[in-house]
Amino acid sequence: MSKILVVGSGSREHALGSGLARGGSGHELLFAPGNAGTLALGRNVAVPASDVPALVELAEKERVDLVVVGPELPLTLGLVDALAQKGIAAFGPSRAAARLEGSKAFMKDICKRAGVPTASYAVFDDAEAAKAHVRQAGRPLVVKADGLCAGKGVVVASTVEEACEAIDRMISQGELGDAGRVVVLEELLPGEEASFHVVCDGTRAIPLVAAQDHKRVFDGDRGPNTGGMGAYAPAPVVTPAIAAEVMTAIVEPTLRAMSEAGAPFRGVLFVGLMIDQGKPRVLEFNVRFGDPETTVLVPMLDGDWFAVLDGAARGDLSGVAAKTKPGAALAVVMASERYPASPATGDRIDGLEATSPEGAYVYHAGTKRDGDAVVTAGGRVLTVGAQAASLAEARDLAYAAVSRISWRGEHHRSDIGHRALG
Ligand code: AMP
Ligand code: GLY
């Protein structure tokens, strides 16, 4: 029995907490800052996920055995390093290793050194030189801000002009602040995306079931990009042969290159894949679990989540098993009015007390308690899912659970899983 601090407040952290609490584990859970859902699993402490000194102080004061870091920001700010200095074990990469997500130029450099298949690219800090590169290429390119931009730093341009405008906004006008002063220009890759997570202890890597997210806000993959509107696993686009190739051609060389760079990777490496004609390439690395992907990864693991997270944190995953359960899981994000542009908050959520169908589950994200009620407190409010013997069954159960919950202005996609379900 351990005392565990989970950092973050999304459906990812609620799902990880429920994985840690599974099977009456008896672990004591703290969340910083957590949400209305995590209150059912443990204690919420009002420390923001970005406040590194306050988080270290909390972990020390509470004498926690393990800190599980959900979001990327505290990782890039060095939370795991600061905890290590106090002798506190933490799940997540060091600040140096978190650059795989925190700097796209660093990520591309590691891929090049490791011989990992990814889009060809060039890095610029000068707008005129970047625009000349686009014009010379004569075709649309993907423009990416080097630093963290909470999903706003990537423009998949469909014309040369659009790419040049994005370069001007990022470099010349500084619209994304320092994060956009350096840009990576990348070749546009065709194909189908998938989210491939591996838990790493510095040298070893254990793959989890492949998942797929749905980034656009509306059905049929239309409308603006979001943090993710739903997920399912397994994703059939990642065949067993492709999963094996991802391990040997992408994950293992990347881990070797990170060790050689003096930044061995511990934690979860989320490989954003583009798969074209059976060939996987890396679109991006994230150094934390995907959200909403985690809401399907947690129920699909046939194993002990504590052993997986603690083994990675301590740098020894030998003997840790992470098999995948049979069947499938599918989860739908329920979002607030005007998400993603300017989400409404403070709306009372109805139907949370209704019993969900067997196999269904509700993970909270942007929610908070207000007296006896639970109200919306962010753009992505709940992730409602189900696990079942087949993907079609999981979808039906998940949507049955979604239909019992409502609030003013709520919206969700009705086609999660469409690529696999047809
Ligand atoms: P990211 O924030 O890096 O995940 O990028 C956001 C989205 O942009 C990805 O999920 C892809 O849909 C798309 N994207 C990024 N890079 C490329 C690329 N080189 N080719 C095609 N699409 C891309
Ligand atoms: N769902 C995509 C992400 O977590 O980045």
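The rules behind each value
- Residues numbered from 1 in each chain as written.
- Chains lettered and ligands numbered in written order.
- Predicted model: local features only at pLDDT ≥ 70, side-chain atom pairs only at ≥ 80, totals over all residues.
- Heavy atoms only, no water.
- 1 Å grid on protein atoms, 1.4 Å probe; cavity = no way out; pocket = protein on both sides within 12 Å on 5 of 7 lines; lining within 4 Å.
- Points joined across faces, edges and corners; volume = space filled by probe spheres on them.
- Nonpolar A, V, L, I, M, F, W, Y, C, P; charged D, E, K, R; others polar.
- Buried < 20%, exposed > 50% of the residue type's maximum accessible area, 1.4 Å probe, protein only.
- Helix = DSSP H or I, 4+ residues; strand = E, 2+ residues; numbered from the N terminus.
- Polar contact = N/O pair within 3.5 Å; in protein donor to acceptor, adjacent residues only side chain to side chain.
- Contact = heavy atoms within 4.5 Å.
- Pairing = 2+ DSSP bridges.
- Core = buried A, V, L, I, M, F, W, Y, C linked by side-chain atoms within 4.5 Å.
- Phe/Tyr/Trp six-rings, centres within 6.5 Å; stacked < 30°, edge-to-face > 60°.
- Salt bridge = Lys/Arg side-chain N within 4 Å of Asp/Glu carboxyl O.
- Near = heavy atom within 4 Å.
- Areas by Shrake-Rupley, 256 points an atom, 1.4 Å probe, with all protein chains shown as cover.
- Axes fitted to C-alpha atoms, helices over the stretch in contact; angles between N-to-C directions.
- Parallel < 35°, antiparallel > 145°, perpendicular 65-115°, else oblique.
- Left-handed = near helix turned anticlockwise from the far one by under 90°.

### Notes on empty space enclosed by the protein
The final tally for this structure, using the stated rule, is 3 cavities of 30 Å³ or more. In this structure, the largest cavity encloses a volume near 60 Å³. Lining of the largest cavity is provided by Leu100, Glu101, Ser103, Lys104, Met107, Lys108, Lys144, Glu186, Leu283, Glu284 and Phe285. Counted by class, the lining of the largest cavity contains 4 nonpolar, 1 polar and 6 charged residues.

### What to know about helix 11 (residues 305–313)
For an α-helix, the turn length of 3.6 residues means that residues three or four places apart are oriented alike. Most of helix 11 is tucked away, with 8 of its 9 residues classed as buried. Where helix 11 is concerned, the buried positions are Trp305, Phe306, Val308, Leu309, Asp310, Gly311, Ala312 and Ala313. Measuring from the side-chain oxygen of the N-cap residue of helix 11 to the backbone nitrogen of Phe306 gives 2.9 Å; that N-cap residue is Asp304. Taken from the residues just after helix 11, Gly315 is the one with a positive phi, measuring 80 degrees.

### Side note on the environment of Gly230
Tracing the backbone through its elements, the reader meets Gly230 in strand 15 (residues 230–233). Taking relative accessible area as the criterion, Gly230 reaches 0% and is therefore assigned buried. Between the C-alpha atom of Gly230 and that of Thr295, which follows or precedes it by 65 residues, the distance is 9.1 Å. Filtering out sequence-adjacent residues up to four positions away, Gly230 remains in contact with Gln212, Asp213, His214, Pro292, Ala331, Val332, Val333 and Ile416.

### Overview of the pairing of strand 24 (residues 380–388)
Within strand 24, 7 of the 9 residues are buried, leaving the element largely enclosed by the surrounding structure. Sheet topology places strand 20 (residues 328–335) next to strand 24; 8 bridges connect them, and they run antiparallel. Within the sheet, the bridge partner assigned to Ala331 lies in strand 24 and is Gly385. The pairing of strand 21 (residues 360–364) with strand 24 spans 5 bridges and is classified as antiparallel. Following the sheet pairing, His364 is matched in strand 24 by Leu382.

### Digging into the nonpolar core
Counting 78 residues, the largest nonpolar core has Leu5, Val67, Leu100, Phe196, Val271 and Phe285 as its most contacted members. Top element by residues in this core is helix 9 (residues 240–260). It accounts for 8 residues. Not counting residues within four places of it along the chain, the set of residues in contact with Val67 comprises Leu5, Val7, Ala59, Leu83, Ile88, Ala89, Ala90 and Phe91. Core analysis: the second largest hydrophobic core is formed by 37 residues, Leu16, Leu66, Phe91 and Met300 among them.

### A short note on the environment of Gly147
On the secondary structure map, Gly147 appears in the loop between strand 7 (142–145) and strand 8 (154–156). As a C-alpha pair, Gly147 and Lys104 span 43 residues in sequence and 6.6 Å in three-dimensional space. Beyond its immediate stretch of four places on either side in the chain, Gly147 contacts Gly102 and Ala179.

### Quick look at the packing of aromatic side chains
Applying the stated criterion across every chain yields a total of 3 aromatic pairs. Relative to Trp305, the ring of Phe289 has its centre 6.0 Å away and its plane inclined at 70 degrees; by these criteria the two rings are edge-to-face. You can see Phe289 sitting in the loop between strand 17 (279–286) and helix 10 (294–300) and its partner Trp305 sitting in helix 11, a full 16 residues away along the chain. You can call Phe289 buried: its relative accessible area is 2%. Judged by its relative accessible area of 2%, Trp305 falls in the buried class.

### Considering the pattern of salt bridges
Counted according to the given criterion, the structure contains 25 salt bridges. The salt bridge involving Asp221 is made with Arg419; its shortest N-O contact spans 2.9 Å. Pair noted here: Asp221 is in the loop between strand 13 (216–218) and strand 14 (222–225) and Arg419 is in helix 13 (residues 418–421), with a separation of 198 residues, a long-range link. Three or more residues are tied together by salt bridges with common partners; here these are Lys3, Glu28, Arg43 and Glu62.

### So, the site of ligand 1
Among the 15 residues in the neighbourhood of ligand 1, the closest are listed as Glu186, Leu189, Glu193, Lys215 and Glu284. In the environment of ligand 1, a nitrogen atom lies 2.8 Å from a nitrogen or oxygen atom belonging to the backbone of Leu189. A total of 480 Å² of accessible area belongs to ligand 1 in isolation, and the protein chains cover 87% of it. Those elements that place two or more of their residues in the shell around ligand 1 are strand 7, strand 8 and strand 17. Of the residues in the shell around ligand 1, the class split is 8 nonpolar, no polar and 7 charged.

### Let's talk about the packing of helix 7 (residues 127–137) against helix 8 (residues 160–172)
At a closest axis distance of 9 Å, the pairing of helix 7 and helix 8 adopts a crossing angle of 165 degrees. Relative to helix 8, the element helix 7 is oriented roughly antiparallel. For helix 7 against helix 8, the interelement crossing comes out right-handed. Between helix 7 and helix 8, the contacting residues are Ala127, Ala130, Lys131, Val134 and Arg135 on the first element and Val160, Ala163, Cys164, Ile167, Asp168, Ile171 and Ser172 on the second.

### Re the layout of surface pockets
A water-sized probe rolled over the atoms picks out the places where empty space is left. Its volume calculated, the second largest pocket comes out at about 380 Å³. Considering the residues around the second largest pocket, the lining is formed by 19 residues, among which Ala36, Gly37, Ala40, Leu352 and His364 are closest to the centre. Listed by contribution, the elements that provide at least two residues to the lining of the second largest pocket are helix 1 (11–21), strand 21 and strand 23 (373–376). Per-class residue counts for the lining of the second largest pocket are 9 nonpolar, 5 polar and 5 charged.

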